[in-house]
Amino acid sequence: MELQAVLMAAGGGSRMPDLTYNTPKPMLPVGNKPLMWHPLNLLERVGFEEVIVITTKEVQKMMSTDPKMKDVKMKLDVVCIQEDGDMGTADALRHIQQKIKTDVLVVSCDLITDVALHEVVDLFRAHNATLAMLMSKAHDFTETVPGQKGKKKTGEQRDFVGVDQSGKRLLFMANEADLEDGLSIRKSIMRKHPRMHIKTGLVDAHLYCLKKAVVDFLADNKSISSIRGELLPYLVRKQFSKTTNCPKSKDDADDQTQKTADGSTNSTELLICSRDEPLLQLAQERSCWNDHRGDMSEAYHGGKLRCYVHIMDQGLCYRVNTLAAYIEANRLASKLLEEPAVHPSAVISERCQMGPDSIIGAQCQVADKTSIKRSTIGNSTTVKEKVKVTNSIIMHGVTIEEGCNIHGCVICSNAVIGRGADLKYCLVGNGQQIEAEAERTNEVIVGTDQLMEI
Amino acid sequence: KEEKQRLRKEKKQQKKNKEKNDEKTSHEGEKKKNKKKKEEQPAVPAPAPPPPAAAAVPVPASEAPAPADKPAKSKADLKAERRARQEAERASKGKKGDVGQPAPTGKLKAPPSELQPVVKRLPEHVQVDNPEVVKKLAKKLERQQIPLRSDYGYKVSLFSHLHQYSRKAPLTQQLGIPSTVIHPAIVRLGLQYSQGIVAGSNARSVALLHAFQQVIRDYTTPPNEELSRDLVNKLKPYISFLNQCRPLSASMGNAIKYIKKEISNIPSQCKEEEAKIKLLNCIERYINEKIVLAAKAIAKYSIEKISDGDVILFPPNCSFNAFEKKRKFRVIVVDSRPRLEGREALRRLVQKGISCTYVLISAVSYILPEVSKVFLGAHALLANGYVMSRVGTSQIALVAKAFNVPVLVCCETYKFCERVQTDSFVSNELDDPDDLIVTRKGKTQLEHWQKVPSLGLLNLVYDVTPPDFVDLVITDLGMIPCTSVPVVLRVKNVDQ
C-alpha cells in the first residue's frame, strides 16, 4: 500500500463560535452536505478505499445518522478522541501510530478543494520527499459577513513561506507571531539556494503527505502537538540542519547507543532522516540530473530530508474555519457538486422564482410567490409565501413565515423566522425564534446560553 | 543463414507434428507456408487453428519477408511460441474465427510484447502511425489496467511513427492515488523517469533493479500459483507502465531479460523465502558485476590510454568515474541543448580537480584541433557495430574523424544489444517538444508553436554512429574494436 489517508475531524471550530456551539464543525452543512463530506469525496474520487477518521464521539454519532455520509463508499475507520480540545493534530497522529503502516496523507475536515491531488503526491513520490503539502493563493472574501462590524482587520497573522526558484521546494516557513523583529534566514540556506521567493498571501490547505518515519518520530517526541504549528516548521528547518548527515551515522553505528542515552534528539534525527538505500544512492550518482546548478554540490545538496509544496493558483481551495469562508464555500458549493441543485423530494410550487445558483435540500416546502436567489436551503425547511431569500444560507429544519425578507443571512438549524421579518446580514443561531415584523441588520442573534460560553 | 535456420525449424516442427496427427500437420504446414508467403490473402483455412494474433499480439504475421534488419532469434522464438500456443489451443479445441491480418505497412515488425513468456523483447519499431497497432496496444494496456498515455503535439513527419509525450501530463494523472494495481516503487520510478530525475542508462538500470528488488520483497505467491511463473506475469504490467512513462532503454531491456530468466529458472520445489533471497542476491550480483565493477574496469583500461598532457573531449553521458590523478590531463566537456547534461558532468570533473573547458556542440570544430583524444559514452552498442548514444555524438565522431583524432567509446557489456540499425530514424525516442522553448530577455518566441500549422518541434534523444568513426571500444572485457560486438554477444549467449 502506498498511502494511508487520515482525516482530522476533531477540531472545534473555535473561529466561528456562533455556528458551532450546537453543531460540531465537521457536520456543518455546506451545499447541504456535511463539511467533512467534501474532503472525503475528494479522497474517494482520487481512488482511496479506506480512510482513518479522527473525530469526537458526538461527531461520530451524527455521522452515523446522517444520510449524506452513507453516500461515502469508502471504508471509514473512526477513531474517537476526547473532546476537551487539548489534543493537537500531531497528538492525534501519535494516538493512531499503531494503525499507520505506510506513508500518510493527512487532510483536515474543513478543506474544500478541487485540486488535482496527483500534483501533490507526485512531488512526494518523485523526489522521495519527507513532506509534501498543498497551498493556495488566498482569495479575498467579497461577501459581507453577518455580525461583523467595520472592515476586516488586515493585521491578521500572516504566514511567510519561502520557496526556491522552481516554486516547489519549501525552504522557509514562519508565522508572523513567531517573528519578533524581522525575518531572519540562515546563511546556510542562502548559500544553497541563493534565489528564494517569499510569499505571504498563501492559504495552507492543511493537506500533508508525510513519510512514515515522521509518524514514528512523533511517537518519540511527545513535545510536538500541532502539525501545522510545530511539526512543519521543524521539518522545514531540519532540511538544512548540519546534523542530518546520514552517511556519518552509518559509521557511528556503535556510538548510537551512547547517543540515545545522550538525548533523544540524536536518535530522532536518525529516525527522520530518510535513509536512502545504497542502490538509490548509486542510481543518483550515475544520473546526470541535478535540482540546482551553479555550485559544486550534488543533487539536493546531499540532503536527505526534503520538503515540497504545491501552490495552486487556479481552482478552488477553501478552508472553512471562519464565518466568511463558510459563506463563500456555500456560495461555490453548487459549482463543486454534481448533483442537481434542487433535491427531487423538495416540493416547490410553480410560482416560485428560483435562481440558478441556489440549492434546495430534501423535503423542503417552498410556497408560492417566493423568490430564492443565490441561496442554499437545507433539508426539511419550510418557506411560506411571499418570502424573498437572497444571498443567504439556511440550514435544516428552518421555518420561514410569510412575507419575510432575508438578505445575506446565515440561519442555523431549527430556527423560526416570524412573519414579515426583515433580516439583513444577520446570523440567527440554532433554534432561535425571530418575532414577527422584526427588523434586524448586521446582528448576531444567539441564545443566552451561548453568551455564557467564552 | 536466417532463412536456413527458419527452414530447419519448420522441418523439425513438421516432423514433431507428424507424430501427433497427420491431418493437422498438413494444415499446420500449409498454414506455416501461408505465413511464410507473407499472405496476400489474409484468409487462413478455417479448420486450422487460429493464427496467434488471437489475443493482443500485434500483427506477428507481418513478419517481414525482408530479413535484412531482423535478428534471427526473434523469428525462432516466435515460432516456438506459436507452436506452444497451438498445442494449447488444439487441446482446448477452441475454434475461433480468423482474425483478418491487417496488411502491414512498409514498416517492419510491430511491438512484439506478449510473445514469449520468458524473454522480454523491446519493441523493435514502434508503429504509432499504424492505427491497428495502436489499438492493440491500447487493448493490451487495458487488460493490464494501465492507463494509456496520449501523444502530444504535432510530430515531424519523419518521426511520426514514434511516441511523443508531454512532461506536464504525467501518467499518474490517470492512476488512482494509492496505487494498488502497480507497486508504489514502480510508480515512483516511472515518475522519476518521465521527469528526468533518473536519467542516463546506468542510472536507469540501477533504479529499475532497485525497484524490482522492492517488488520481490513485497511479493507473496498466491495459493495455486508457482513463483517462477506468477512473478514474471506480475512484472509484465509494471514493465508496460514503465514503458509508457519513458521508452525502455537497451540496458534496461537486458536487465529485464536477465531477471526474467533468473525467475523462471527457480526450481518449483524451492520455498518462497529462499527463492526471494536468491533473486535479491542475483540482482545485487548483477549490479555489482555488470555496472559497478565494469565501471572500475573501464576506468582502469581508459587510464592506460590517457597519457600525460592529453586533452580529452567528453560528451556528458560517459561513465567516467574513478579517474585517479596519475596522469595530468585536461578535459573539454561538450554540451548541447535542451538537456544540458554537460553541466553536471562538468561539476563532477571539477570536483575531482581536473581542469575543464566547457563548450557547446556548435563549437566542436573550433575546439577539435586542440584535442588529442575523444571519449564517447554509449547508450547501447548494436550488433552491427553501430554505437547508439545521445544525439550529437555522431556529429562529434564525424568531426573527430575529419581531424584525425582517435575516438574511443566506453561501454559496459551489459549494454550490448542484438538489435541492428543503420540510421537514427527507424527507432528513436522523441522527448517533450516544449523543452526546446526558452525565454530570453523576457521573450518566449516559441510559446505558441502549436498554433503555427507548419511548425513542428523535434526533440530527438538518440542517434547512431557508424563503426568507421570509432577506433576503439573500451569495455569491461578489455579493449575491442567496434566490429567485435557480435562476438561478445555470441559468447555471452553461450555463457547463458
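Notes on the structure follow. From a predicted model like this one, the values you see are computed outputs, not experimental measurements.

With that settled, the discussion passes to the packing of helix H7 (residues 227-245) of chain B against helix H8 (residues 250-264) of chain B. All names here are of chain B. Direction vectors running N to C along H7 and H8 enclose 155 degrees, while the axes themselves pass 8 Å from each other. Compared by their axis directions, H7 and H8 come out roughly antiparallel. Residues Leu227, Ser228, Leu231, Val232, Leu235, Lys236 and Ile239 of H7 form the contact with H8, whose own contacting residues are Ile256, Ile259, Lys260, Ile263 and Ser264. Split into classes, the residues belonging to the contact of H7 with H8 amount to eight nonpolar, two polar and two charged.

Tallying each qualifying case throughout the model produces five aromatic pairs over all chains. Ring-pair connections join several aromatic residues into one group, and the members of that group are Tyr258(B), Tyr286(B) and Tyr414(B). Over the ring of Trp37(A) we find Lys33(A); its NZ or CZ atom is 4.8 Å from the centre of that ring. The ring of Tyr193(B) has Arg204(B) sitting right over it, with the charged end atom 5.2 Å from the ring centre.

Okay, the interface of chain B and chain A next. Across the contact, 38 residues belong to chain B and 33 residues belong to chain A. Of the roughly 3200 Å² buried between chain B and chain A, counting both surfaces, carbon and sulfur atoms make up 61%. Looking at the side of chain B facing chain A, the largest losses of area belong to Ile177(B), Ile197(B) and Arg347(B), adding up to 22% of the total buried there. Counting every contact that joins chain B to chain A gives zero salt bridges. For the pair chain B and chain A, the number of links is ten residue pairs in polar contact (both at pLDDT 80 or more).

Residue and element names in this part refer to chain A. Pairing is antiparallel in the open sheet, where three strands are placed in the order E10-E9-E11. Single-partner strands in this sheet number two, and they are strand E10 (170-175) and strand E11 (197-199). Averaged over all pairs of adjacent strands, the angle between their axes in this sheet comes to 15 degrees, without regard to strand direction. In the sheet, strand E9 (residues 159-163) pairs with E11 via three bridges, with the strands oriented antiparallel. Looking across to E11, one finds that Gly162 is bridged to Ile198.

Moving on, we come to a positive patch on the surface. A surface patch of positive charge is lined by Arg186(A), Lys187(A), Arg191(A), Arg237(A) and Lys242(A). By the element assignment, Arg186(A) lies in the loop between E10 and helix H7 (187-192).

Before going further, it helps to examine helix H9 (residues 272-305) of chain B. Helix length check: H9(B), at 34 residues, gives a terminal C-alpha distance of 48 Å against a target of 50 Å (1.5 Å per residue), a fit within 8%. Most pronounced at Ala294(B), the bend in H9(B) amounts to some 35 degrees.

Residues and elements named next belong to chain B. One pass over the structure, following the stated rule, counts 29 salt bridges over all chains. Linking Asp230 and Lys234 is a salt bridge whose minimum nitrogen-to-oxygen distance equals 3.9 Å. Taken as a pair, Asp230 and Lys234 lie in helix H7 at a separation of four residues, close to a single helical turn. The class of Asp230 is buried, set by a relative accessible area of 10%. Overall, Lys234 belongs to the partly exposed group, its relative accessible area being 33%. Of the charged contacts, one joins Arg390 and Glu341 as a salt bridge, the two residues approaching to 3.0 Å between their closest N and O atoms. Highlighted residues: Arg390 in strand E6 (residues 387-390) and Glu341 in the loop between strand E2 (329-335) and helix H10 (342-351), separated in sequence by 49 residues. Residues joined in a network through salt bridges with shared partners are Arg167, Arg339, Glu341, Arg390, Asp431 and Asp435.

What counts, and where the lines are drawn
- Residues numbered from 1 in each chain as written.
- Chains lettered and ligands numbered in written order.
- Predicted model: local features only at pLDDT ≥ 70, side-chain atom pairs only at ≥ 80, totals over all residues.
- Heavy atoms only, no water.
- Axes fitted to C-alpha atoms, helices over the stretch in contact; angles between N-to-C directions.
- Helix = DSSP H or I, 4+ residues; strand = E, 2+ residues; numbered from the N terminus.
- Parallel < 35°, antiparallel > 145°, perpendicular 65-115°, else oblique.
- Contact = heavy atoms within 4.5 Å.
- Nonpolar A, V, L, I, M, F, W, Y, C, P; charged D, E, K, R; others polar.
- Phe/Tyr/Trp six-rings, centres within 6.5 Å; stacked < 30°, edge-to-face > 60°.
- Lys NZ or Arg CZ within 6 Å of the ring centre and 35° of its normal.
- Buried area = accessible area lost by both parts, 1.4 Å probe.
- Salt bridge = Lys/Arg side-chain N within 4 Å of Asp/Glu carboxyl O.
- Polar contact = N/O pair within 3.5 Å; in protein donor to acceptor, adjacent residues only side chain to side chain.
- Pairing = 2+ DSSP bridges.
- Patch = residues over 30% accessible without salt bridge, like charges linked within 9 Å, V, L, I, M, F, W, Y side chains within 5 Å.
- Areas by Shrake-Rupley, 256 points an atom, 1.4 Å probe, with all protein chains shown as cover.
- Lys, Arg positive; Asp, Glu negative; His and termini not counted.
- Charge placed at Lys NZ, Arg CZ, Asp CG, Glu CD.
- Expected span 1.5 Å × (residues − 1).
- Bend = angle between axes of the 7 residues up to and from the residue.
- Buried < 20%, exposed > 50% of the residue type's maximum accessible area, 1.4 Å probe, protein only.

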